[in-house]
Amino acid sequence: MDSATAWWRFWEFCFVVAGGSFALIVAIVAIRGLVDLRELIEFLKLKRHTPPGTRQD
Amino acid sequence: MNFTVLDWSIVLLYLALSMAAGLYGKKYISGASDFLVAGRAIGLYLGIATLAATEIGTVTFMYYAELGYKTGFASFVNGLIAGAVMIFIGRTGFVIKRLRELQLMTIPEYFERRYSRNLRILTGVLVATGGILNMGVFLKIEGTFLAIVSGIPLEYLKVVMTAILLLELLYTILGGMVSVVITDFIQFVALSIGAVVITALSIHAAGWQNMHDVVLRTMGTGGFDPVASPSFGWAFIAFQLLYWMAINTCWQTTAMRTFSTRDAEISSKVFTWTGFIFLGRGMLPMLWGIAALAILGPGQDSLNAMPVMLSRILPNGLRGIVVAGMLAATMSVNSSYLLGWSSVIAQDIVGPIRHKPLSSRAQVALNRAMNLFVSLFVMFWGLWYKLPGPAYFYLNITATIFIGGSFITIVGGLYWKRASVAGGYAAMLGGAGGALAFFVLQWPASRAGFGAFALAFAGLVIGSLVGKQQHTIVEASLRVPEGAKE
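Not measured: the values here are computed from a predicted model.

Conventions adopted
- Residues numbered from 1 in each chain as written.
- Chains lettered and ligands numbered in written order.
- Predicted model: local features only at pLDDT ≥ 70, side-chain atom pairs only at ≥ 80, totals over all residues.
- Heavy atoms only, no water.
- Core = buried A, V, L, I, M, F, W, Y, C linked by side-chain atoms within 4.5 Å.
- Buried < 20%, exposed > 50% of the residue type's maximum accessible area, 1.4 Å probe, protein only.
- Helix = DSSP H or I, 4+ residues; strand = E, 2+ residues; numbered from the N terminus.
- Contact = heavy atoms within 4.5 Å.
- Phe/Tyr/Trp six-rings, centres within 6.5 Å; stacked < 30°, edge-to-face > 60°.
- Lys NZ or Arg CZ within 6 Å of the ring centre and 35° of its normal.
- Polar contact = N/O pair within 3.5 Å; in protein donor to acceptor, adjacent residues only side chain to side chain.
- Expected span 1.5 Å × (residues − 1).

Participant: Account for the nonpolar core, naming residues and giving values.
Facilitator: Residues and elements named next belong to chain B. Residues F73 and W244 are the most contacted members of the largest nonpolar core, which totals 176 residues. Element by element, the count of residues in this core is highest for helix α14 (residues 264-296), at 17 residues. Those residues within four positions of W244 in sequence are excluded, and the remaining contacts are Y64, N78, I81, A82, V85, F278, R281 and Y392.

Participant: Describe the packing of aromatic side chains, and please don't skip the residues or the numbers.
Facilitator: Residues and elements named next belong to chain B. In this structure the tally under the stated criterion is 38 aromatic pairs over all chains. Ring centres of F138 and Y337 lie 5.4 Å apart, and the angle between their planes is 50 degrees; this geometry places the pair in the tilted category. Taken together, the residues F138 in helix α9 (residues 138-150) and Y337 in helix α16 (residues 318-353) connect sequence positions 199 residues apart. Residue class for F138 comes out buried when judged on its relative accessible area of 4%. An aromatic cluster is present here, built from Y63, Y64, F232, F236, F239, Y243, W244, F278, Y392, F393 and F453 joined pairwise through their rings. Cation over ring: R281 sits above F278, and NZ or CZ is 4.5 Å from the ring centre. Just above the ring of W443 sits the side chain of R447; from NZ or CZ to the centre is 5.4 Å.

Participant: So what's going on with the side chain of S464(B)? Residues and values would help.
Facilitator: Residues and elements named next belong to chain B. Within the secondary structure, S464 sits in helix α20 (residues 445-466). Assessed through its relative accessible area of 0%, S464 is described here as buried. Within polar-contact distance, the side chain of S464 engages the backbone oxygen of L460 at 2.6 Å.

Participant: I'd like a description of helix α3 (residues 44-55) of chain B, backed by residues and values.
Facilitator: Counting along an α-helix, one turn takes 3.6 residues, and residues three or four places apart therefore face a common direction. Residues and elements named next belong to chain B. Its 12 residues give α3 an end-to-end C-alpha distance of 17 Å, which sits within 8% of 16 Å, the value for a rise of 1.5 Å per residue. A large share of α3 lies buried, amounting to 12 of its 12 residues. Those residues of α3 not exposed but buried are L44, Y45, L46, G47, I48, A49, T50, L51, A52, A53, T54 and E55.

Right, here's the structure in full:
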């Protein structure tokens, strides 16, 4: 197998891994990220109503 | 004009949704830590979304596609290095874990804790200079993409891009990191859909085997082998490994996500997952550039080839979705970068120069003013400056103005007790000098980039061994400072 073909096979494999993981992670993050977003808003709402001396980061 | 009513409807609906979400974040700002790092309360999945959205812009797609068009499949090595290094950092926690534990808000803040206030100011100046120069070409490149794909005449699109920058400025100034995180999430979903659609269409239009044949015919082995490629080679690969280590640990906008997560463990996981996204962030648009080569042939303007191809293969309706996705990518990056660079000016230059600390409210006001300043610069620089070569190299080198020195100085500060203030100064100035050789001496990017890291390393080691030793700062820098909690 010549160098160009060997690299071509390698890049094909890398592209499949890259494209597949991109699509999969995007789908997972899109769904689970909504939960994180809601928790962030709840945390900031609570922080807004807590007096400064009692806040914790 | 390529846009139909359907396309316009999709784009305008998306813009309205983004603005509403961004302005919603304003009411949750009650102090500097909320404005800059969203109260340090971002969870894993939101962390991944905001990190990915921040670092995937239309400009990212454009410069990677340009690389694919010019260098074929050999360009994939850049995507592979970017993703692999990020995964490595995520798995090991190298630098990011220690930085998150220190509860910082900016990278130069570490310099004051570990080294000295004046070194923080110098670093702040270099970070702001490199970062703003880097961002300075975004608007022009983004505008070019949108003009070509939508068919809007360029003179009108400058007005449209300015309006979009002002919209981003509005929600960034008012809501800071909270607004940026909310809009990043929406934009992450939109740009990802856009990227997948373009990839599928490109492969369908160009043909997988056909792309291979065209690259082989026009570039030979160099179109596949990154070592044999005349644009890359071993020196460039070595520079990219260092570059991506530095970007993933010390790039201000990336670091702000590190600082914004709930804890160090979450930071590491965010990096590991986002590393896999970064593989696609590089390789997908590079493939679009190769598809443009296969469809349009060589001889096109390399930066414009990909959007020209898209303007030919995208059907109505899908064009609107893709443009909305690219607008999403544009706005997420621009808003995060506005916040990143303006926070450095406010927190790391103006703040330390004053001898009296600013109140939290004053810090927020100052950050907002700096947002405006950076926006104005970006508008004018983009219209005036002409790129000297491939956009990817310009962006690498402007970033290296500060990350070469920053990376070496931070790693030295975290892992070598002898690293001293003198070494820090020498590293920062050496790193900047090496990078500036790209502009002043017309060095190739690989030589200037590698030279920057080498000079920074030599500066830190020699400066620390020769200069005055610090005996108390190392332990103090590892403690969470009093007053860090609000």
